[in-house]
Amino acid sequence: MAAAKPGTFTTVGTTAVPLIALVVLAFTWGRDLPGFMVAIVAVCLAAAVLAAVHHAEVVAHKVGEPFGSLVLAVAVTLIEVALIVTLMADGGPKASSLARDTVFAAVMITCNGIVGLTLLVGAWRNGVAAFNTDGTVAALSTVATLATLSLVLPTFTHGVQGPQFTSAQLAFAAIVSIGLYLLFVAMQTIRHREYFLPVTRDGEVLDEEAHAHPPTNRETLVSLVLLLASLVAVVGNSKGISPTIESVIDKAGLPQSAVGVVIALLVLLPETLAAFRSARRDRVQISLNLAHGSAIASIGLTIPAIAVASIWLDGPLELGLGATHMVLLALTMVVSALTVVPGKATLLQGGVHLVVFASFVFLAISP
């Protein structure tokens, strides 16, 4: 990713915005907010998203790919996990399925929404969107395995009534999830790093960005700190307006699972914008790294965290998907496999993924 040019909002605004958003978060945390404060928090949230994307690009340009994509994906996911655990601790019985709903929403948003947008932008600008098949297939197979073991199997196990794991099964799922995630990261960053680098339409690997000088160590460190501050502000302010979101959803007569969808949409805004900008620069592989990496991190880090949190959390922990969501997950994996195997995609593949994503959102509203 290229570092943004100085002299605009990116130099002054992206330094001040995370700090302002954190101040707003400190004053609003744990309080019932009136309408005008909800609007202020929402503005701070949106500004923090833009700041997070800028600082992620600075860090990414310094460390190179695929480390840059990994920084943003892991940072967002860790804070997302903290948000899920906090909401589950505060939410009572209504929050028993929040982890499942949020993680599944993250998978659908990344593998269909972000991927579809990426392919549409890349193909629109260049005729076809080119990416590295080796890395993308490996990432997709990891997503499919983690999603099936963590979100599908609980529906069919018999140790506990309902779509739940027993304690032993949950511990096994947690160990497998974190182990597979760490194995994927090792392959992505060390063993087969070249599989996750951008490629030209002729398949030539692009190992460096030559159009901009990398930032200094000091600039990178400052951006890393501000990136973390921005993400804390994004997730914290998302939690701040979550009661308003829940109230609107209840008044509209929508299912409780829609809360998880909205939370995932808010938390994944930085990745979405970063993927869009990379696709515009014909770096589709970076966008796919962000999308699939976020899906892998969301499952691989959330399930172990929830397993540990379940020790003190009261109430059931529902992880198993219903029939409708399992159909959508299966369709996503089939379509994704057909998309990534050729190593190139057209507008049609982007449109197909966006249709699947739109179906997910519609069915979340009208199940």
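Please read all numbers here as calculations on a predicted model, not as lab measurements.

Trainee: Would you explain the pattern of salt bridges in this entry?
Mentor: Two side chains that carry opposite charge are able to pair once their charged atoms sit near each other. Inspection of every chain in the model, using the stated rule, returns 2 salt bridges. Close ionic contact of Arg100 with Asp101 constitutes a salt bridge, the shortest N to O distance being 3.2 Å. For the pair Arg100 and Asp101, one class covers both residues: buried. Arg100 is the salt-bridge partner of Glu318, the closest N and O atoms lying 4.0 Å from each other. Taken as a pair, Glu318 in the loop between α10 (284-309) and α11 (323-340) and Arg100 in helix α4 (residues 98-126) lie far apart in primary sequence, 218 residues in all. By relative accessible area, Glu318 is classed as partly exposed at 23%. A single network of salt bridges, built from pairs that share partners, joins Arg100, Asp101 and Glu318.

Trainee: In this structure, what is going on with the side chain of His55? I would like to understand it.
Mentor: With respect to the element layout, His55 can be found in helix α2 (residues 35-63). We classify His55 as buried; its relative accessible area is 2%. Reaching out from His55, the side chain makes a polar contact with the side chain of Ser223 at a distance of 3.2 Å. Ignoring sequence-local partners within four residues, the contact set of His55 consists of Thr14, Thr15, Ser223, Leu226, Leu227 and Ser230.

Calculation rules
Residues numbered from 1 in each chain as written. Predicted model: local features only at pLDDT ≥ 70, side-chain atom pairs only at ≥ 80, totals over all residues. Heavy atoms only, no water. Salt bridge = Lys/Arg side-chain N within 4 Å of Asp/Glu carboxyl O. Buried < 20%, exposed > 50% of the residue type's maximum accessible area, 1.4 Å probe, protein only. Helix = DSSP H or I, 4+ residues; strand = E, 2+ residues; numbered from the N terminus. Polar contact = N/O pair within 3.5 Å; in protein donor to acceptor, adjacent residues only side chain to side chain. Contact = heavy atoms within 4.5 Å.

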